[in-house]
Amino acid sequence: MKIVVCIKQVPDTNEVKLDPKTGTLIRDGVPSIINPDDKAGLEAALRLKDQYGAHVTVITMGPPQAKVALQEAYAMGADRVILLTDRVFAGADTLATSTTIAAALQKLEFDLVITGRQAIDGDTAQVGPQIAEHLNIPQISYVSAFENHGDHAIVKRSFEDGFQKIKVSYPCLITALSELNEARYMSVMGLLDAHRILEIETWGFSDIDADIERMGLKGSPTKVKKSFTKGAKSAGKMVEGSPKELAIAIVDKLHEKFMI
Amino acid sequence: MRFELTNEDLMMRELFRKFTKNEVEPIAAEVDDLERFPEETVKKMADLGLMGIPFPRNYGGAGGTYWQYINCVEELGVACGTTSVILSAHTSLCAAPIYEFGTEAQKQKFLVPLAKGEKVGAFGLTEPNAGTDASGQQTTAIKDGDDYILNGSKIFITNAGYADIYIVIAMTDRAQGLKGISAFIVEADTPGFTIGKKEKKLGIRGSSTCELIFEDCRIPAENLLGAEGKGFKIAMVTLDGGRIGIAAQALGIAQGAYNETVKYVKERKQFGRSISQFQNTQFVIADMKTKLEAARLLVYNAAYKKENKLPYAQEAAMAKLYASEMAMELTTKAVQLHGGYGYTREYPVERMMRDAKITEIYEGTSEVQRMVISASELK
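Per the secondary structure count, chain B includes 10 helices and 10 strands. Relative to a compact globule of 379 residues, whose C-alpha radius of gyration would be 21 Å, chain B shows 21 Å and is just as compact. Once the C-alpha set of chain B is aligned to its principal axes, its extents read approximately 80 × 45 × 45 Å. Considering chain B as a whole, with its 379 residues, one finds that 53% of them fall into the buried category. Within chain B, contacts between residues separated by at least 24 positions form 73% of all contacts whose residues are at least 6 apart in sequence.

The next point concerns the overall build of chain A. The secondary structure content of chain A amounts to six helices and 13 strands. Each of the 260 residues in chain A was classed as buried or not, and the buried ones make up 38%. Pairs at least 24 apart in sequence give 70% of the contacts found in chain A among residues at least 6 apart.

Every contact between the two is made by 14 residues of chain B and, on the other side, eight residues of chain A. In terms of residue class, the side of chain B that touches chain A is built from eight nonpolar, four polar and two charged.

Attention now goes to the sheet that holds strand β9 (residues 139-148) of chain A. Residue and element names in this part refer to chain A. Read across the sheet, nine strands follow the order β11-β10-β9-β12-β8-β1-β6-β7-β13 without closing on themselves; strand pairing throughout is mixed. A single partner strand is all that each edge strand has here, and the edge strands are β11 (162-169) and β13 (201-203). Averaged over neighbouring strand pairs, the angle between their axes works out to 35 degrees when direction is ignored. In terms of strand pairing, β9 meets strand β10 (residues 152-159) through five bridges, oriented antiparallel. Paired with A145 across the bridge in β10 is K156. Each of β1 (2-7), β6 (55-61), β8 (112-116), β9 and β12 (172-176) touches helix α1 (residues 36-52); the most contacted strand, β8, lies at about 150 degrees to it. Contacts from helix α3 (residues 94-105) reach β1, β6, β7 (80-84), β8 and β13 within the one sheet, and its direction differs from that of β6 by about 145 degrees.

With 190 residues, the main nonpolar core has A73 of chain A together with F184, A254, V299 and A323 of chain B as its most contacted residues. With residues up to four places along the chain from it excluded, the contact list for V299 of chain B reads I70, I244, A247, A248, L251, A319 and A323 of chain B.

Let us now look at the confidence of the model for chain B. For chain B, the average pLDDT comes to 97, and 100% of its residues sit at 70 or higher. Reported confidence for the predicted complex is 0.92 by ipTM and 0.91 by pTM.

Glancing now at the pairing of β12 of chain A. Residue and element names in this part refer to chain A. Summarising burial for β12: five of the five residues are buried, a large majority. Sheet topology places β8 next to β12; five bridges connect them, and they run parallel. Paired with L112 across the bridge in β12 is C172. Note: β9 against β12, three bridges, orientation parallel. Paired with V143 across the two strands is A176, which belongs to β12.

All names here are of chain A. When we look at burial in helix α4 (residues 127-135), the residues that qualify are V127, G128, Q130, I131, A132 and L135. Buried residues along α4 sit in contact with α3, β8, β9 and β12. Two residues or fewer after α4 comes N136, characterised by a positive phi angle close to 60 degrees.

All names here are of chain B. It is at 8 Å that the axes of helix α1 (residues 7-33) and helix α3 (residues 66-79) come closest, and there the two elements cross at 30 degrees. Classified by the angle between their axes, α1 and α3 sit roughly parallel to one another. Considering the relative orientation of α1 and α3, their crossing is right-handed. Contacts between α1 and α3 involve D9, M12, R13, F16, R17, T20, V24, E25 and A28 from the former and W67, Q68, N71, C72, E75, L76, V78 and A79 from the latter.

A separate point is the environment of E109 of chain A. Its location among the elements puts E109 of chain A in the loop between α3 and β8. Expressed as a C-alpha distance, the spacing of E109 of chain A and C6 of chain A, which sit 103 residues apart in the sequence, is 14 Å.

The next subject is the packing of helix α5 (residues 188-196) of chain A against α1 of chain B. Between α5 of chain A and α1 of chain B, whose axes approach to 10 Å, the crossing angle comes to 160 degrees. Classified by the angle between their axes, α5 of chain A and α1 of chain B sit roughly antiparallel to one another. Of the two possible hands of crossing, α5 of chain A and α1 of chain B adopt the one that is right-handed. Along its contact with α5 of chain A, which presents L191, L192 and H195 of chain A, the element α1 of chain B presents N7, E8, M11, M12 and L15 of chain B.

P171 of chain A follows Y170 of chain A through a cis peptide bond whose omega is -5 degrees. On the secondary structure map, P171 of chain A appears in the loop between β11 and β12. A positive phi angle is found at I204 of chain B, which is not glycine, with a value near 30 degrees. Here the phi dihedral of K309 of chain B falls at roughly 55 degrees; this positive angle occurs in a residue that is not glycine.

The subject of this paragraph is the pairing of strand β2 (residues 140-144) of chain B. Residues and elements named next belong to chain B. Sheet topology note: the β2/strand β3 (residues 147-158) ladder contains five bridges and is antiparallel. By the bridge assignment for β3, D144 is matched with D147. Connecting the antiparallel pair β2 and β3 is a turn made up of two residues, with G145 showing a positive phi of about 65 degrees.

About the criteria used
- Residues numbered from 1 in each chain as written.
- Chains lettered and ligands numbered in written order.
- Predicted model: local features only at pLDDT ≥ 70, side-chain atom pairs only at ≥ 80, totals over all residues.
- Helix = DSSP H or I, 4+ residues; strand = E, 2+ residues; numbered from the N terminus.
- Rg over C-alpha atoms; globule rule 2.2 N^0.38 Å.
- Buried ≥ 20, exposed ≤ 12 C-beta atoms within 10 Å, placed from the backbone.
- Contact = placed C-beta atoms within 7 Å.
- Nonpolar A, V, L, I, M, F, W, Y, C, P; charged D, E, K, R; others polar.
- Pairing = 2+ DSSP bridges.
- Axes fitted to C-alpha atoms, helices over the stretch in contact; angles between N-to-C directions.
- Core = buried A, V, L, I, M, F, W, Y, C linked by C-beta atoms within 7 Å.
- pLDDT = per-residue confidence, 0-100.
- Parallel < 35°, antiparallel > 145°, perpendicular 65-115°, else oblique.
- Left-handed = near helix turned anticlockwise from the far one by under 90°.

Okay, here's the thing in structure tokens:
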């Protein structure tokens, strides 16, 4: 079984602080992590490796610093790691990103592609499904449980109000929810090897077969027009009581704010 | 002069911190309260490769650096003094002397399972009448054919009862004095070897501290570590290394108390403002932080010297002396800044204060460290 896991390095949003004066995000010194949903996807792949001897390749597209995420993936147990990096890829929206990653995947053998559901820095949840479309393979998003059955898998696709149990044959793509599992630690030996032995494969535009017009900023139909920080809202207030008391409390509050 | 950690070191420290936060901190209060040896944590540490960080791969180790091992002891100590000393005693006092003085066969038989964490190690030197004065050893090892027969007892032995492999120091020839002392590798299941009284302690209460009893305990001669008569030297070299571990443990405990205190003084309000806004608090925090960093540099410097095979006995003694006394001072101040709450078990600082005290005592008291430090100055 050959698995390719697509991961993204993201700023640890738990560590991001707001500048109290300007209200903007302080990005300096914020540690980078493997996107949590992607890490669950990686863990799922590593469990398949433990159980069935699957070969796990991890791929990421990003600046050269993203190699740290690949070192971590290797230290957790991945067999092969690939960094997709090129100035041509820079400024990509989800379409250009998925086009690039799909082109790289065409160069690899796989039975299963795993991505995270969405990245905590963008929250689009588009790249995984788009990759499956480019590759013309079945896709199951929001996966919260996964069972391998040889030539097919039984997966649980979770929604806020329910779930679907789906049988899917390989090759396919799944997008993982962080609830799928609890990711393992890096091992000390794996971590040392990731720094001392591992040579990260670096692929640029010339290593994949793709149309340069569809890469990076040029290949991105969506453009960020303006970005701004949402004003901080004050914390909500919880009121307890009978429905009647609650209704009175709400009406009082609305009066107090001159809203009615 | 460089004071930079490599990317490998930084990622390793992150791993230790994450492990400590997720696996060690949540049970630290319970381990203390119930005086429970955290066996499940030791198993998890073994799985990650933490039980043999500085030893080469061919001996079951991870092939990491000495600093990485020391940093692991430190980071574990931030949450739990008990877990920290389990690792330090296992690595510095048992696995290390086998690595440094053992034969190839001894390394394969004993170091490999220790470094893999399949077995836990301990070290027995102290006796009721031979503590700081290690030369007063009463335990004897008499050669008998292909064996040595051990008789006597050891006290205050860390990891005793849970350890599988013990380094035991005993007198093979009393007439030779210090040169009549030898070191042995003793397996826990050897007939004639039993675990005696378990101590009830002020701090590091989850750590198992017991008496070792030897009654006509037959040890194969192949378990002699180094040569006959080299035991005192082996013990002293082992303790030189062990001191860096205890210094790192003290540093970790102090860092833990400091972290708790910074958090608390920002939250605690008196006279209408957080107590962090009072100058007394600010000055205490400044002094704590400064002393922590001073200790850290001493500990890392000693680790650096050992790693690079430079003389380090004096550096290790200075690191242990300063870090342990600093830990006692900082944890006491941490309790003081927490006020009445700090004295209760609702907050971890009282445990840290109790845990800190032992670092001034074991593996050479502060007084012994001062003797070691001044000895080379006043030659």
